[in-house]
Amino acid sequence: MANASEHYAIRQLPVVPNSWTPVVVPINCFSFSVRCDQGAIYICTDQADASTQDTLPQGAQECVDAVWGGGGGCRFEVGSTVAYLKSAGGNLTAILKFVF
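In this text the structure is predicted, and so the values were computed from the model without any measurement.

In this section: the nonpolar core. Counting 21 residues, the largest nonpolar core has Val23, Val34, Ile41, Leu85, Ala94, Leu96 and Phe98 as its most contacted members. Elements with a minimum of two residues in this core: β1 (8-15), β3 (31-35), β4 (41-44), β7 (81-87) and β8 (92-99). Here the element with the most residues in this core is β8; it accounts for 4 residues.

Right under this line is the structure:
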């Protein structure tokens, strides 16, 4: 998928209630956000550990920003999994934004 800029990408990710869907970084970036306007979704960093889970209410946005230390590179590399999503009910679509 082509982006207008190599520094900004938006993705729509189908999210279902019966399994965790990985959030995979499409560009090297320093921040990403997750939002779902259709319903509540669960987000976690370890799908096997319930203590890493949080709930995003419908319309809420989770933003993760990593400060650049000036050493080059990026915090979230293309192809890496940064979180997992699961619907709190029904088949939903999460909106993901990634910024370098």
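Taken as a whole and assessed by the stated rule, the structure comprises 1 salt bridge. Where aspartate 37 meets arginine 35, a salt bridge forms, and the shortest distance between an N and an O atom there is 3.1 Å. Residue class for aspartate 37 comes out partly exposed when judged on its relative accessible area of 44%.

With antiparallel pairing, the 4 strands of this open sheet are ordered in space as β1-β8-β3-β6. What marks the edges here is a single partner per strand, and that holds for β1 and β6 (61-65). Mean inter-strand twist for the sheet, computed between neighbouring axes without regard to direction, equals 15°. With 5 bridges joining them, β3 and β8 adopt antiparallel strand pairing.

Rules of the game
- Residues numbered from 1 in each chain as written.
- Predicted model: local features only at pLDDT ≥ 70, side-chain atom pairs only at ≥ 80, totals over all residues.
- Heavy atoms only, no water.
- Core = buried A, V, L, I, M, F, W, Y, C linked by side-chain atoms within 4.5 Å.
- Buried < 20%, exposed > 50% of the residue type's maximum accessible area, 1.4 Å probe, protein only.
- Helix = DSSP H or I, 4+ residues; strand = E, 2+ residues; numbered from the N terminus.
- Salt bridge = Lys/Arg side-chain N within 4 Å of Asp/Glu carboxyl O.
- Pairing = 2+ DSSP bridges.
- Axes fitted to C-alpha atoms, helices over the stretch in contact; angles between N-to-C directions.

Read these as layout, nothing more, since geometry by itself doesn't imply function.
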